[in-house]
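Structural characterization, general
Chain by chain, the residues:
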Amino acid sequence: MRKFFTKLSYKFQHFMVGRYGYDQLTKALLIFYLIGIILSNIAYRFSTVSYYVLLILSTAVIIFSMFRVFSKNIEMRRHENQNWLRFTGKIKQKHKFNKTKWQQRKEHKFVKCKKCKKVLRLPKNKGKINVNCPHCHNQFIVNTGKKKMS
């Protein structure tokens, strides 16, 4: 029995030579498929039409995912994955920035430059300060809060 699975493994490896395989977009599509199946089963209690719509969409997602895995057009699949990573990278970057702002909210104030829209980090509780944007060299005044008496 062990030889059978070893042979099967070699045959599958040989079959996958020259094919694209598994990547981050495929992983995301499989997660969307699972979410769609779960939602369709929940929707079955309320409406059979919504059940079938979600089931068909989930099936289309898994078919597209398998198409990508077995595709021989590697350059096109790589381009699709690169676009996906670019899209999710922007979301992750925004989330990371918001997390940083939240962690530093007690010591710093974050303001946008009125000219170039870049976010600047300023110390809190320094009163009104004159700010010079390091990107566009625009000067403006920001109230960072009352000065603490020491």
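I will try to describe carefully the structure that is included in this document.

On to the packing of aromatic side chains, then. Applying the stated criterion across every chain yields a total of 9 aromatic pairs. Aromatic side chains Phe12 and Phe15 sit 6.4 Å apart centroid to centroid with 35° between the ring planes, which places their arrangement in the tilted category. With a gap of 3 residues between them, Phe12 and Phe15 both fall in helix 1 (residues 2-16), about one helical turn apart. The interplanar angle of 85° and the centroid separation of 6.1 Å between the aromatic rings of Phe97 and Phe110 together place this pair among those described as edge-to-face. Here the residue Phe97 occupies a position in helix 4 (residues 74-103), and Phe110 occupies one in strand 1 (residues 108-112), the gap between them amounting to 13 residues. When its relative accessible area of 22% is taken as the criterion, Phe110 is described as partly exposed. Through a chain of ring-to-ring contacts, the aromatic side chains of Phe12, Phe15 and Phe70 assemble into a single cluster.

With 9 residues, the main nonpolar core is built from Val111, Cys113, Leu120, Leu122, Val131, Cys133, Cys136, Phe140 and Val142. Looking at this core, the elements that each hand over two or more residues are strand 2 (119-123) and strand 4 (139-143).

Further remarks concern the packing of helix 2 (residues 24-43) against helix 3 (residues 48-70). Closest axis-to-axis distance for the helix 2/helix 3 pair is 8 Å, and the angle between their directions is 165°. Comparing their axes, helix 3 and helix 2 come out roughly antiparallel. For the element pair helix 2 and helix 3, the recorded crossing hand is left-handed. Each of Leu25, Thr26, Leu29, Leu30, Phe32, Tyr33, Gly36, Ile37, Leu39, Ser40, Asn41 and Ala43 in helix 2 lies in contact with helix 3, whose residues at this interface are Ser50, Tyr51, Leu54, Leu55, Ser58, Val61, Ile62, Phe64, Ser65, Met66, Arg68 and Val69.

A few words on the side chain of Ser40. Relative to the elements of secondary structure, Ser40 occurs in helix 2. With a relative accessible area of 1%, Ser40 lands in the buried category. Within the structure, the side chain of Ser40 is placed 2.7 Å from the backbone oxygen of Ile37, a separation counted as a polar contact. With sequence-adjacent residues up to four places away left out, Ser40 is seen in contact with Tyr51, Leu54 and Leu55.

This part covers the pattern of salt bridges. This structure, assessed with the given rule, holds 4 salt bridges. Among the salt bridges present, the one from Arg68 reaches Glu80, with a minimum N-O distance of 2.8 Å. Of this pair, Arg68 sits in helix 3 while Glu80 sits in helix 4; the two residues are 12 residues apart in sequence, bridging distant segments of the chain. For the pair Arg68 and Glu80, a shared accessibility class is recorded, and that class is buried. Glu75 is the salt-bridge partner of Arg78, the closest N and O atoms lying 3.6 Å from each other. Of the two residues, Arg78 and Glu75 are both situated in helix 4; the distance of 3 residues between them amounts to about one turn of the helix. By relative accessible area, which is 44% here, Arg78 ends up partly exposed. Each member of the salt-bridge network shares a partner with another, and the members are Asp23, Arg68, Arg77 and Glu80.

Reading the values: the criteria
Residues numbered from 1 in each chain as written. Predicted model: local features only at pLDDT ≥ 70, side-chain atom pairs only at ≥ 80, totals over all residues. Heavy atoms only, no water. Phe/Tyr/Trp six-rings, centres within 6.5 Å; stacked < 30°, edge-to-face > 60°. Helix = DSSP H or I, 4+ residues; strand = E, 2+ residues; numbered from the N terminus. Buried < 20%, exposed > 50% of the residue type's maximum accessible area, 1.4 Å probe, protein only. Core = buried A, V, L, I, M, F, W, Y, C linked by side-chain atoms within 4.5 Å. Axes fitted to C-alpha atoms, helices over the stretch in contact; angles between N-to-C directions. Parallel < 35°, antiparallel > 145°, perpendicular 65-115°, else oblique. Left-handed = near helix turned anticlockwise from the far one by under 90°. Contact = heavy atoms within 4.5 Å. Polar contact = N/O pair within 3.5 Å; in protein donor to acceptor, adjacent residues only side chain to side chain. Salt bridge = Lys/Arg side-chain N within 4 Å of Asp/Glu carboxyl O.

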